[in-house]
Amino acid sequence: MRSPMPLFRRAFVDSWRSTLGWAAGLAGAILLYLPIYPSIGGSAQMQEMINALPPEMTKALNYDQIASGPGYTQATVFGLIGFLLMTIATVSWGAAAVGGDEESGQLELTLAHGVTRMQLVWERALAMFLRVVLLAVLVFVLILALNDSAHLSIDSMHLFGAAVEFAGLALLSGTAALFVGALSGRKAYGLAAGAAVGVLGYVFNAVGRQSPDLDWLLDLSPYHWAYGNSPVANGADWASAGWLWGISAGLVLLSSLALQRRDVGS
Amino acid sequence: MESAITVEGLRKSFGSREVLHGIDFQVQAGSVFGVIGPNGAGKTTTMRCLLDIIRPSAGTLRVLGQDPRHGGPGLRRRIGYLPGELTLEARVTGRRLLDHYEAVSGPVSPGRIDELAERLNLDLDRHTRKLSKGNKQKLGLIQAFMHEPELLVLDEPTSGLDPLVQQEFLAMVQEARDRGQTVFLSSHVLSEVQQAADEVAILRDGRIVTVATVDALRESAVRHLRFTASGITADDAGALLGRVPGVGGVEVLTAGDGVELTAVLEGSIGPLVQALSRLELTDLVLEEPDLEESVLRLYGNNGNGRRGNGSRRREPQEEGSSHA
């Protein structure tokens, strides 16, 4: 029988191993970092050590607020290891969704069936969005669960806002990978584009924070849009979250138009 | 009769390289139409244009009465397609993959998938990426045939299949034809389509050389002959073969107390078999009609001045000449 959104269901259900793997990675990172906050981040000793580091370095690593629970969570989970894992996950999904599928020759067969190219891009993008949302929910729930035992004192609304920014930032890299993959039909180009968005965003933020003269770099950094105001401590900047999600959706639209207009597998 | 596929002036360029130089053909509804040609002739490109996977640079296409560019999913559900290079790397079982394509292009009548899998001897519960090339090809055939589409477009359908399964496939094509389905298939070997096809188009370098019935084509094709025989001299063997109608390009080498002889045969094999029966053969190979050569011969017959000097072969010698 024909059923609604078959491509979405296949993309989502058939990738459960991958989704589960990334979920385990994120959970592991959170369970590794957060429970030790009381003995590391919160201690006066740690603060002294941070103070002893070159200020440029603490700024680059976002360790300047590491002595508070929200600052520690922001710097370690959202700002570093979580960001890294989530970006790698979305970039690999985005690049594989169209470019990878085309390169391996499987897209040709799918497009020869009763689907439109628009539908294919949107349903696969939707599967990626849903996976990202699930992982962000997992991060949110786990941190909330550790909030008391690890003495993090994070406001749950602020944490929610941070999770939305976290997901939006990852989606931007993922949809950039999707777009370039759909435009070129090459997985490697998609991976490069997605990684560039993630890495350059991080680097522009790290460098831009060093001096007021380099402020303009921050405006170019999606990482800074998401985390510039330390959402775990202060709540999300909803306008920036809107930009991250909105541009991601725009990239999906561009991906579908790009695929619509060209030969596949040639 | 109504035509299932009409192609007029189809051209396709990739960048500045034109790979189809304006081809025309029609496939009658309910017939089996084969397109043959060497690799790179444009068979796959033509088929991809029919499915709107790639877009023509010029020309008009009608598939089941519609322009594939605008037919959309509705049109493609009426077509079963087997890509020329089938890659199935997903971590899913064959059954799940077929269920997925059923969800996209169905409905498929109950039991149909299992029936096809049984006929082709394919285990549907294995992961697709662990399947051998032949088994992947079977899966590809099932997804093309399962929803009994009006039109089947099959790019090199027999590649990777063992001879028994090839026979089963040909039976499936025959049944599809009997049901009124149209089959458009390609091959680089004439022998693979000659049993199934009513008509054959020969494609070469992006041009249709000829459209002919299989019988007409076979008559014009040449076969390569090679044998070894004992108890005969090279001169006698050369003279004997030289007298057989349709045999040319005879080359004889002395081997032990006998000879090793190669030649090409055009037309009927009856006289050749009679001549060979007088020899003490120790080995005999009579190849399938050579497509490449028959294509080149057709060029020659069309007055383009090119004779059958098959690129992979030695230039045929004068009839009856021999080397001792």
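Just so it is clear, the structure is predicted and the values come from calculations on it, not from any experiment.

Undergrad: What exactly am I supposed to notice about the nonpolar core here?
TA: Note that soluble globular proteins tend to have their nonpolar side chains buried in a common cluster. Counting residues in hydrophobic clusters, the biggest one holds 97 residues, and the most contacted among them are A:Phe78, A:Ile143, B:Ile5 and B:Phe184. When sequence neighbours within four positions are dropped, the list of residues in contact with A:Ile143 reads A:Ile30, A:Leu34, A:Thr73, A:Val77, A:Phe78, A:Leu152, A:Ile154 and A:Leu159. If you look at the next biggest cluster of nonpolar residues, it comprises 46 residues, including A:Leu109, B:Val165, B:Leu190 and B:Val209.

Undergrad: It is not clear to me how the sheet that holds strand E4 (residues 58-63) of chain B should be interpreted in this structure. Could you clarify?
TA: Strand pairing in a sheet takes place through backbone hydrogen bonds and is either antiparallel or parallel in direction. Residue and element names in this part refer to chain B. Judged by pairing direction, the sheet is antiparallel, and its three strands sit side by side in the order E2-E1-E4 without closing on themselves. Two strands bound the open sheet, and with one partner strand each, they are strand E2 (17-28) and E4. Looking at each pair of strands side by side, their axes are set apart by 15° on average, direction ignored. When strand E1 (residues 3-14) meets E2, the two strands line up antiparallel, connected through nine bridges. Across the sheet, the residue bridging to Lys 12 is Leu 20, located in E2. Contacting E1, E2 and E4, helix H1 (residues 43-50) crosses the sheet at an angle of about 115° to E1.

Undergrad: Looking at this structure, I do not really get the confidence of the model for chain B. What am I missing?
TA: Detailed reading of the predicted coordinates is not advisable wherever pLDDT is low. Residues and elements named next belong to chain B. Considering every residue of chain B, the mean pLDDT works out to 85; 89% of them sit at 70 or more. Of all the helices and strands in chain B, helix H11 (residues 291-304) carries the lowest mean pLDDT, 54, while strand E6 (residues 151-154) carries the highest, 97. This stretch, residues 300-324, has a pLDDT under 50; its non-local contacts, to residues over four places away or in other chains, come to 44 contacts.

Undergrad: Just to check I follow, could you spell out a nonpolar patch on the surface for this structure?
TA: Together, A:Leu130, A:Val133, A:Leu134, A:Val137 and A:Val141 give the surface a local cluster of nonpolar side chains, amounting to about 360 Å² of exposed area. Tracing the backbone shows A:Val141 in helix H7 (residues 117-146).

Undergrad: Explain the sheet that holds strand E5 (residues 79-82) of chain B to me, please; I cannot follow it from the model alone.
TA: Residues and elements named next belong to chain B. Taken together, the six strands give an open sheet; going across it, the order is E5-E6-E7-E3-E8-E9, and neighbouring strands pair in mixed fashion. Across the chains shown, the open sheet's two edge strands, defined by having one partner strand only, are E5 and strand E9 (207-213). When the angles between neighbouring strand axes are averaged without regard to direction, this sheet yields 15°. For strand E3 (residues 32-36) and strand E8 (residues 199-204), the ladder comprises four bridges, and the chain directions are parallel. For Phe 33, the partnering residue across the bridge sits in E8 and is Glu 199.

Undergrad: When you look at the environment of A:Trp225 in this model, what are you seeing that I'm missing?
TA: All names here are of chain A. Here Trp 225 shows up in helix H11 (residues 222-227). Excluding its chain neighbours within four sequence positions, the residues that come into contact with Trp 225 are Glu 165, Leu 172, Leu 218, Asp 219, Leu 220, Ser 240, Leu 244 and Ile 247. Only 2.8 Å separates the side chain of Trp 225 from the backbone oxygen of Asp 219, close enough to count as a polar contact.

Undergrad: Explanation requested: the packing of helix H3 (residues 94-105) of chain B against helix H5 (residues 133-145) of chain B in the structure shown.
TA: In helix packing, the relevant descriptors are the interaxial angle and the interaxial distance, both defined with respect to the helix axes. All names here are of chain B. Orientation of H3 relative to H5, taken along the N-to-C sense of each, is 25°, at an axis distance of 10 Å. The orientation of H3 relative to H5 falls into the category roughly parallel. In this structure, the crossing between H3 and H5 has a hand that is right-handed. Contacts from Gly 94, Leu 97, Leu 98 and Tyr 101 in H3 reach Leu 139, Ile 142 and Gln 143 in H5.

What counts as what
- Residues numbered from 1 in each chain as written.
- Chains lettered and ligands numbered in written order.
- Predicted model: local features only at pLDDT ≥ 70, side-chain atom pairs only at ≥ 80, totals over all residues.
- Heavy atoms only, no water.
- Core = buried A, V, L, I, M, F, W, Y, C linked by side-chain atoms within 4.5 Å.
- Buried < 20%, exposed > 50% of the residue type's maximum accessible area, 1.4 Å probe, protein only.
- Contact = heavy atoms within 4.5 Å.
- Pairing = 2+ DSSP bridges.
- Helix = DSSP H or I, 4+ residues; strand = E, 2+ residues; numbered from the N terminus.
- Axes fitted to C-alpha atoms, helices over the stretch in contact; angles between N-to-C directions.
- pLDDT = per-residue confidence, 0-100.
- Patch = residues over 30% accessible without salt bridge, like charges linked within 9 Å, V, L, I, M, F, W, Y side chains within 5 Å.
- Areas by Shrake-Rupley, 256 points an atom, 1.4 Å probe, with all protein chains shown as cover.
- Salt bridge = Lys/Arg side-chain N within 4 Å of Asp/Glu carboxyl O.
- Polar contact = N/O pair within 3.5 Å; in protein donor to acceptor, adjacent residues only side chain to side chain.
- Parallel < 35°, antiparallel > 145°, perpendicular 65-115°, else oblique.
- Left-handed = near helix turned anticlockwise from the far one by under 90°.

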